[in-house]
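The chain contents come next:
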Number of protein chains: 2
Amino acid sequence: MSITDLTFNIDKDSKTPMWLQIRNELFNCLYRDELRPGQLIPNEKTLVELFNVSIGTVRKAVGALEKEGFLIRKQGLGTFVFQHDKSTFHFAYFHFALNGTEDVTYPDVEFISFETKKATKYEAETLNIPSGSNVYQIFNKLGINKKNYIIDRIVISQAKFPMLTEEIFKNRTNTIYNLYQNKFNIFITNCSEKLKAISADKTISSLLNVKLDSPILRIERIGQTYHNETIELRTSFVHTRDIDYVNTQNSTFGDTF
Amino acid sequence: MSITDLTFNIDKDSKTPMWLQIRNELFNCLYRDELRPGQLIPNEKTLVELFNVSIGTVRKAVGALEKEGFLIRKQGLGTFVFQHDKSTFHFAYFHFALNGTEDVTYPDVEFISFETKKATKYEAETLNIPSGSNVYQIFNKLGINKKNYIIDRIVISQAKFPMLTEEIFKNRTNTIYNLYQNKFNIFITNCSEKLKAISADKTISSLLNVKLDSPILRIERIGQTYHNETIELRTSFVHTRDIDYVNTQNSTFGDTF
DNA sequence: AGTGGAAATTCATATATATGATATAATATA
DNA sequence: TATATTATATCATATATATGAATTTCCACT
């Protein structure tokens, strides 16, 4: 089923602007997977016919989704659905820079372990799965310039990643979100992070090679899909002696006004 | 000197689009203070005459500055220059939420101390002032629901805030950035934060009422103006037992692609 | 087979114009 | 005077259209 076979009804008299209706219809196509990551979407002329509006209105709708990051426009080529990739990963979800710099460099990732276990109460609640159901728990070690600073613990529902094995995970040739996207048809669109300072326990101190009770930055990240279904719970334990968690907010505004 | 008295030259043959040229001209008016915080800018028709372009081009330029947060459009009223205010502060620069919630509430602010001192080497470098020159150092205590969780230490150049006194600072009726804006004509437009986990020293532990060596989240925030002149160095020491530093990134992207 | 250039495709910029929505100001009316 | 109505100003949405820029495709020519 191609998107050009669908019919869309834009209500000219609705109180929501036509461009927003079109933006929402396109968004739903992304959500319903009628437009897949990396795919070329119909050109502007086709969209004009599909939605029966003028080209300016189509451009406003597509422009909105582009600003939101769901679409990528390329002059002379076409407009594409965003996809997770090494090139797009870079600054999107990795926030660390060496002391005194602002440069967020690509981390070295080293696999530690992959296991199946029962979800804790918190994990089950967060992932919105039955209490005690199976989850995969994966540990990674991340570093910069050959020095390890971060332990990543990933928890995902087994039910949502049915055929995932340690081999598949380890042998991926791209980012983890790219693996979710390409092998499991799960597309992470937004993340929320909560940071605390904690003391290193025995496990963390040995993994990060720091003293017991050293101050550690703990990041709980929740990765969600288009409609805020929580897919991944990722906890990072960071030794911040040599690196900083960097958060730059340009301009005058936060989330909303 | 009103902006309507100025003449602007938009080069129709330039490789930079006309809308961007207009956006930049308007931005420079903000930067040069020809358009001041809170001020109503000329209406679209006037801008059309001023720049000698069509209304669509003007709207694209203004729209860009609106997205960047420098301008606020109000239908039926006009377009205004953004200003720092209690209402705009709320989510912009305060990132903390009580455990288990996502709600970033307005903090209680309690004044601790105000003093003049010589800048340390790091402070002088960061603020780009001569080593050893005078700075104000201000301590505040921030809390939520009557419980204090955060110690804020503000360092600003005395030279840039010539007549600032403890009284003026304490008696402000709005946010600190509003004080900078209205009394000192200094407008903070962007912030960059660097976070680390550290151990509470004697001072911090007593101020935050925690044990010595408790894990503390330290945030170094740099506040800058339109053209990235660093104005303020603010260090927050946060007891994160009951609160989280929250960082939500909607959509798929970080700073850039 | 390889190269260069023209053509086609697609998004980007820009103009001109009309109508609608929203907030304020001015006016008329009770 | 107080209230309701009308007018005005301003931004928002939408259409129609023309030209430009970037990229790929294709074809003629060597």
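A brief structural summary. (Residues numbered from 1 in each chain as written. Chains lettered and ligands numbered in written order. Predicted model: local features only at pLDDT ≥ 70, side-chain atom pairs only at ≥ 80, totals over all residues. Heavy atoms only, no water.)

**Some details on the overall build of chain A**
Using the following cut-off: Put simply, DSSP marks the helices as runs of H or I at least four residues long and the strands as runs of E at least two long, and each gets a number from the N terminus on. For this analysis, residues touch if any pair of their heavy atoms sits within 4.5 Å. A residue counts as positive if it is Lys or Arg and as negative if it is Asp or Glu; His and the chain ends are not included. Charge placement uses NZ in Lys and CZ in Arg. For Asp and Glu, CG and CD serve respectively.
When you go through chain A residue by residue, the secondary structure sums to 8 helices and 11 strands. When its C-alpha atoms are laid out on the principal axes, chain A stretches across 65 × 45 × 35 Å. A fraction of 58% describes how many contacts in chain A between residues 6 or more apart in sequence connect residues 24 or more apart. In chain A, 31 side chains carry a positive charge and 30 a negative one; their mean positions are 2 Å apart.

**Notes on helix 1 (residues 18-31) of chain A**
Residue and element names in this part refer to chain A. Quick reminder of the rule: Multiply 1.5 Å by the residue count of a helix minus one, and that product is the helix's expected span. Exposure classes here rest on a 1.4 Å probe applied to the protein chains alone. A residue is buried below 20% of its type maximum, exposed above 50%, and partly exposed in between.
The first and last C-alpha atoms of helix 1 sit 20 Å apart over 14 residues, in line with the 20 Å expected at 1.5 Å per residue. Listed as buried for helix 1 are Gln21, Ile22, Arg23, Leu26, Phe27, Cys29 and Leu30. Two residues or fewer past helix 1, aspartate 33 is found with a positive phi of approximately 75°.

**Describing the protein's contact with DNA strand C**
Selection criterion: Being near a molecule or strand, for a residue, comes down to having at least one heavy atom within 4 Å of it. For the purposes of these results, a polar contact is taken to be a pair of N or O atoms within 3.5 Å, where, inside protein, one atom must be able to donate a hydrogen and its partner to accept one; residues adjacent in sequence count only when each atom of the pair is a side-chain atom. Three classes are used, and their members are as follows: Ala, Val, Leu, Ile, Met, Phe, Trp, Tyr, Cys and Pro are nonpolar, Asp, Glu, Lys and Arg are charged, and the others, Gly among them, are polar.
Within the structure, DNA strand C sits among 22 residues, and Asn43, Glu44 and Arg59 of chain A together with Met18 and Thr57 of chain B are positioned closest to it. For DNA strand C, the fraction of protein-proximal atoms (within 4 Å) that sit in sugar or phosphate groups is 76%. In this structure, arginine 73 of chain A approaches DNA strand C through a side-chain N or O atom, which is 3.3 Å from a phosphate oxygen. At a separation of 3.0 Å, a phosphate oxygen of DNA strand C approaches a polar side-chain atom of serine 54 of chain B. Among the secondary structure elements, those contributing two or more residues to the surface near DNA strand C are strand 2 (71-74) and strand 3 (78-81) of chain A together with helix 1 (18-31) and helix 3 (55-68) of chain B. A total of 3 residues in the surface near DNA strand C trace back to one element, the largest contributor, which is helix 3 of chain B. Of the residues in the surface near DNA strand C, the class split is 7 nonpolar, 9 polar and 6 charged.

**Here we look at the environment of glutamate 66 of chain B**
Residue and element names in this part refer to chain B. Take glutamate 66: it is sitting in helix 3. Linking glutamate 66 and phenylalanine 82, residues 16 residues apart in sequence, is a C-alpha distance of 9.0 Å. Dropping the residues within four chain positions of it, glutamate 66 is found in contact with Leu71 and Arg73.

**Considering the sheet that holds strand 9 (residues 215-224) of chain A**
Hydrogen bonds along the backbone pair up the strands of a sheet, which may run parallel or antiparallel. Keep this limit in mind: In this scheme, strands are said to pair when DSSP sees at least two bridges between them. Angles shown run from 0 to 180 degrees and are taken between the N-to-C directions of axes, each axis being a line fitted to C-alpha atoms and, for helices, limited to the stretch in contact.
Strand order across the open sheet formed by 8 strands is 5(A)-6(A)-7(A)-10(A)-9(A)-8(A)-10(B)-3(B), with antiparallel pairing between neighbours. Each end of this open sheet is capped by a strand with a single partner; those strands are strand 5 (108-118) of chain A together with strand 3 (96-98) of chain B. Going across the sheet, the axis of each strand differs from the next one's by a mean of 25°, ignoring polarity. Sheet analysis places strand 5 of chain A next to strand 6 (residues 134-144) of chain A, joined by 10 bridges and oriented antiparallel. Paired with phenylalanine 111 of chain A across the bridge in strand 6 of chain A is asparagine 140 of chain A.

**Description of a positive patch on the surface**
What counts, and what does not: Residues forming no salt bridge and having over 30% relative accessible area are the ones grouped into patches, like charges within 9 Å of each other and nonpolar side chains (Val, Leu, Ile, Met, Phe, Trp, Tyr) within 5 Å. Here the accessible surface of atoms and residues is derived via Shrake-Rupley with a 1.4 Å probe, and residues count as covered only by protein chains that are part of the display. Any Lys or Arg side-chain nitrogen located within 4 Å of an Asp or Glu carboxyl oxygen qualifies as a salt bridge.
A contiguous patch of positive charge on the surface is contributed by Lys60 and Lys67 of chain A together with Lys60 and Lys67 of chain B. Along the chain, lysine 67 of chain B falls in helix 3.

**With respect to the environment of asparagine 228 of chain B**
When you line up the elements, asparagine 228 of chain B lands in the loop between strand 8 (215-224) and strand 9 (230-238). When its relative accessible area of 49% is taken as the criterion, asparagine 228 of chain B is described as partly exposed.

**Section: the protein's contact with DNA strand D**
Residues in contact with DNA strand D amount to 22 residues; listed here are only the nearest, Met18 and Thr57 of chain A together with Asn43, Glu44 and Arg59 of chain B. A share of 77% of the atoms of DNA strand D within 4 Å of the protein falls on sugar and phosphate groups. A distance of 3.1 Å separates a base nitrogen of DNA strand D from a polar side-chain atom of glutamine 75 of chain A. Side-chain polar atom of arginine 59 of chain B to a phosphate oxygen of DNA strand D: 2.9 Å apart, as the coordinates give it. For the surface near DNA strand D, the secondary-structure elements that each account for two or more residues are helix 1 and helix 3 (55-68) of chain A together with strand 1 (71-74) and strand 2 (78-81) of chain B. For the surface near DNA strand D, the leading source of residues is helix 3 of chain A, giving 3 residues. Classifying every residue of the surface near DNA strand D by side-chain character gives 7 nonpolar, 9 polar and 6 charged.

**Notes on the relation of the copies chain A and chain B**
Our working definition: For the least-squares superposition of copies, only C-alpha atoms count, and only for residues with pLDDT at least 70 in both.
Rotating chain A by 180° and moving it 0.0 Å along the rotation axis overlays it on chain B with an RMSD of 0.0 Å. Considering both components of the superposition, the chain copies are consistent with a two-fold axis.

**A few points about the sheet that holds strand 5 (residues 134-144) of chain B**
Across the sheet, which stays open at both edges, the 8 strands sit in the order 4(A)-11(A)-7(B)-8(B)-9(B)-6(B)-5(B)-4(B) with antiparallel pairing between neighbours. Bordering the open sheet on either side are strand 4 (96-98) of chain A together with strand 4 (108-118) of chain B, each of which pairs with just one other strand. In this sheet, adjacent strand axes meet at a mean angle of 25° when their direction is disregarded. Sheet analysis places strand 6 (residues 147-157) of chain B next to strand 9 of chain B, joined by 7 bridges and oriented antiparallel. Bridge pairing in strand 9 of chain B places isoleucine 150 of chain B opposite valine 238 of chain B.

**Let's talk about the pairing of strand 6 of chain A**
Each regular strand shows side chains that alternate between the opposite faces of the sheet. Residues and elements named next belong to chain A. The buried count for strand 6 comes to 10 of 11 residues, which makes it a mostly enclosed element. Two elements, strand 6 and strand 7 (residues 147-157), share 10 bridges in a ladder whose sense is antiparallel. Opposite phenylalanine 139, over in strand 7, you have arginine 153 as the bridge partner. Between strand 6 and the antiparallel strand that follows it, strand 7, lie 2 residues; asparagine 145 among them carries a positive phi value of about 50°.

**Quick notes on the interface of chain A and chain B**
What counts, and what does not: As a working definition, buried area equals the accessible area (1.4 Å probe) given up by two parts on being put together, with both sides summed.
With 50 residues of chain A at the contact, the number on the chain B side is 50 residues. Between chain A and chain B lies a buried interface of about 4,000 Å² when both sides are counted; carbon and sulfur atoms form 50% of it. Joining chain A to chain B, the criterion identifies 2 salt bridges. Among the ionic pairs, aspartate 244 of chain A bridges to lysine 196 of chain B, the shortest N-O distance being 3.2 Å. Linking chain A with chain B are 20 residue pairs in polar contact (both at pLDDT 80 or more), by the criterion used here. Listed by contribution, the elements that provide at least two residues to the side of chain A that touches chain B are helix 3, helix 4 (86-92), strand 8 (190-199), strand 9 and strand 11 (243-249) of chain A. Broken down by element, the side of chain A that touches chain B gets its largest block of residues, 10 residues, from strand 8 of chain A. A breakdown of the residues in the side of chain A that touches chain B according to their chemical character gives 20 nonpolar, 20 polar and 10 charged. Where strand 8 of chain A lies against strand 10 (residues 243-249) of chain B, 5 bridges are found, and the strand directions are antiparallel. Each residue of the ladder has a partner; that of serine 192 of chain A, found in strand 10 of chain B, is threonine 248 of chain B.

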